[in-house]
Amino acid sequence: MTRVIQWATGVTGMMSLRHVINRPDLELVGVRVYDPAKSGVDAGELCGLPHTGVRTTDDRDALIAADADIVLYMGKVETDTPGCFRDVCDLLASGKNVVATGSRFVHPRSLDAGLADGIESACRAGSSSFLGLGLYPGFIGESLAPVLARLAAHTTHIGVREVLNYSTYASHDLIFNAMGFGHLPDDTTPLLSNPEYAAIAWIGSATVLTEALGLEIKGYKGYREVVTTPRALTVAAGHIPEGTVAAMRFGVHVDCGELTLSVEHLTRMADDLAPAWPTDIGYQVTFSGEPDMRLQFVIGSEGQDHAEQGCLATAMHAINTIPTVLAAAPGLYDLSTIEPYRVGGR
C-alpha cells in the first residue's frame with residue numbers, strides 16, 4: 001500500500017483527493033490545506049466522501065515530518081513560485097517522492113537553473129525522486145507530439161495549442177490575478193501581462209518536447225494578445241466588467257534551427273468573443289512538412305465541462321504516474337527522461 005499526501009485542495013487537488021481515497025492501492029496519510037476554515041476537517045468530509053479518519057492540516061512542517069511514500073503536490077506555483085519550490089525541496093529532502101502539477105514544475109531547469117539545482121540536491125539528500133507533469137502543459141506537447149513525430153519524414157514547424165472557455169473555472173486567483181481577465185488591456189498588474197512571463201509559462205513544455213526529439217533551442221520569444229468584452233460578464237471566478245479583457249492567447253515561439261515550435265493557450269470567457277481566433281475547443285497538435293498532420297484532442301464529451309474534465313485528467317495523470325516515480329532512481333525527472341509509465345492499481 002502506497003502512503004500518499006495530497007498537498008493543496010483547489011479544483012484539481014480536490015479531484016485528486018477523491019480518487020486517492022477511493023483507490024485500493026493508495027493510503028491517504030495527510031492533506032495540506034491553506035484555508036484555515038478547511039483545517040481539521042476529515043478528508044472524506046472535505047471532498048464529499050465518507051470519513052477517512054485523516055484530518056486536513058494547514059501545518060506545513062507537520063506534513064513534511066510525516067511518514068509517506070509520495071506527495072501529490074498541487075500548490076499555486078504560478079503565483080508563489082519560491083514558496084512552492086521550497087515546499088517541494090523540503091519534502092524531497094525528508095525522503096518523500098513528489099509528483100507536482102503546474103507549468104513551472106514541468107521542466108524546472110528551463111525556468112531557473114538554481115531552482116533545478118535545489119531539487120536535485122534535495123533528491124540526493126532524501127534519496128527521492130521528482131516529476132513535474134500536468135495536462136497542458138505537462139502531457140499534450142510533451143507526450144503526444146513526440147509520438148506523432150514518429151510518422152514524419154520532414155518537419156518545419158510543430159504547433160501545440162489549447163482552446164478553452166474558462167467561464168466555468170472558479171479559481172479567482174488564477175483567472176484574475178495571474179491571467180488578467182477583468183483588467184484593462186494595458187494593465188501591467190496581472191502576471192501574464194508580461195510577455196516574458198508568458199514565455200516562461202510555456203518554455204518548459206517546449207523544452208521537454210525538444211529534448212524528446214533530440215533538438216536544441218536556439219532562441220525563443222513570448223507573446224500575449226487580448227480581446228475585451230463589449231458587455232459585462234458574470235463567470236464562475238467573478239465579475240468581468242465591460243471593456244476589460246475577456247479573451248486572450250499567450251504562448252512562446254521557439255527557434256530550433258531546422259524547425260520552429262509554438263506552444264500557446266487560447267481562452268475565452270464567452271464563445272462569441274475573438275471570433276477570428278481558433279474556436280475548436282480542445283487540444284491541437286499540428287506538424288507542417290512531409291506529411292502535414294493535425295491531431296484534435298478533446299477531453300470531456302458533449303454536456304461535460306471541458307475545463308473541469310481537464311482538471312480531472314491532470315489529477316489522474318499525477319495519480320497514475322505514482323508507480324513509475326516510486327520505481328525510479330533518485331533524481332529530477334521530466335516526461336522526456338522518465339521511463340514510460342504503466343497505469344497501476346486498477
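Residues numbered from 1 in each chain as written. Predicted model: local features only at pLDDT ≥ 70, side-chain atom pairs only at ≥ 80, totals over all residues. Heavy atoms only, no water.

An unreviewed UniProt entry lists the protein chain under the name Dihydrodipicolinate reductase, with Mycolicibacter nonchromogenicus as the source organism.

S.K.: I'd love a proper account of the domain arrangement of the protein chain, names of residues and values included.
M.R.: Assigned domains within the protein chain: domain 1 (2-134 + 309-333) and domain 2 (140-298). At the junction of the two partners, domain 1 supplies 11 residues and domain 2 supplies 14 residues. Note on domain 1 versus domain 2: buried area summed over both sides is about 1,100 Å², and carbon and sulfur give 61% of it. At the level of secondary structure, the elements contributing two or more residues to the side of domain 1 that touches domain 2 comprise α5 (103-106) and α6 (108-111). Top contributing element to the side of domain 1 that touches domain 2 by residue count: α5, with three residues. Among the residues making up the side of domain 1 that touches domain 2, the classes are represented as four nonpolar, four polar and three charged. (Domains from an automatic or database assignment. Contact = heavy atoms within 4.5 Å. Buried area = accessible area lost by both parts, 1.4 Å probe. Helix = DSSP H or I, 4+ residues; strand = E, 2+ residues; numbered from the N terminus. Nonpolar A, V, L, I, M, F, W, Y, C, P; charged D, E, K, R; others polar.)

S.K.: Can you tell me about the environment of A274, naming the residues and giving the values?
M.R.: Counting through the fold element by element, A274 comes out in the loop between β11 (260-268) and β12 (282-290). Distance from A274 to A206, taken between C-alpha atoms, is 26 Å for residues 68 residues apart in sequence. Residues contacting A274, with those up to four places away along its chain left out, are V227, A247 and R268.

S.K.: Describe the packing of helix α8 (residues 140-148) against helix α10 (residues 195-213), naming the residues involved and giving the relevant values.
M.R.: Contact pair α8 / α10: the axes reach a minimum separation of 8 Å and the direction vectors enclose 25 degrees. In terms of orientation, α8 lies roughly parallel with respect to α10. α8 and α10 meet at a crossing whose hand is right-handed. Contacts between α8 and α10 involve G141, E142, A145 and P146 from the first element and S205, V208, L209, A212 and L213 from the second. Residue composition of the contact of α8 with α10, grouped by class: six nonpolar, two polar and one charged. (Axes fitted to C-alpha atoms, helices over the stretch in contact; angles between N-to-C directions. Parallel < 35°, antiparallel > 145°, perpendicular 65-115°, else oblique. Left-handed = near helix turned anticlockwise from the far one by under 90°.)

S.K.: Now, about the sheet that holds β11: what can you tell me, with residues and values included?
M.R.: Taken together, the six strands give an open sheet; going across it, the order is β7-β10-β11-β6-β12-β13, and neighbouring strands pair in mixed fashion. In this open sheet, the two edge strands, each paired with only one partner strand, are β7 (219-228) and β13 (293-297). Each adjacent strand pair in this sheet contributes to an overall mean axis angle of 10 degrees, direction not counted. Pairing analysis gives nine bridges linking strand β6 (residues 154-165) to β12, with the strands arranged antiparallel. Considered in β12, the bridge of V163 is made with G282. α8 contacts β6, β12 and β13 of the sheet and is inclined by roughly 35 degrees relative to β12. (Pairing = 2+ DSSP bridges.)

S.K.: Summarise helix α7 (residues 113-126); cite the residues concerned and give the values.
M.R.: Because each turn of an α-helix spans 3.6 residues, side chains separated by three or four positions end up pointing in the same direction. End to end, α7 covers 20 Å across 14 residues, agreeing with the expected 20 Å (1.5 Å per residue, within 8%). Where α7 is buried, its residues touch α4 (81-93), α6, β5 (129-133) and β14 (331-333). Put simply, D112 is the residue that caps the front of α7, since its side-chain oxygen is 2.7 Å from the backbone nitrogen of G114. Remark: S127 follows α7 within two positions and exhibits a positive phi of approximately 50 degrees. (Expected span 1.5 Å × (residues − 1). Polar contact = N/O pair within 3.5 Å; in protein donor to acceptor, adjacent residues only side chain to side chain.)

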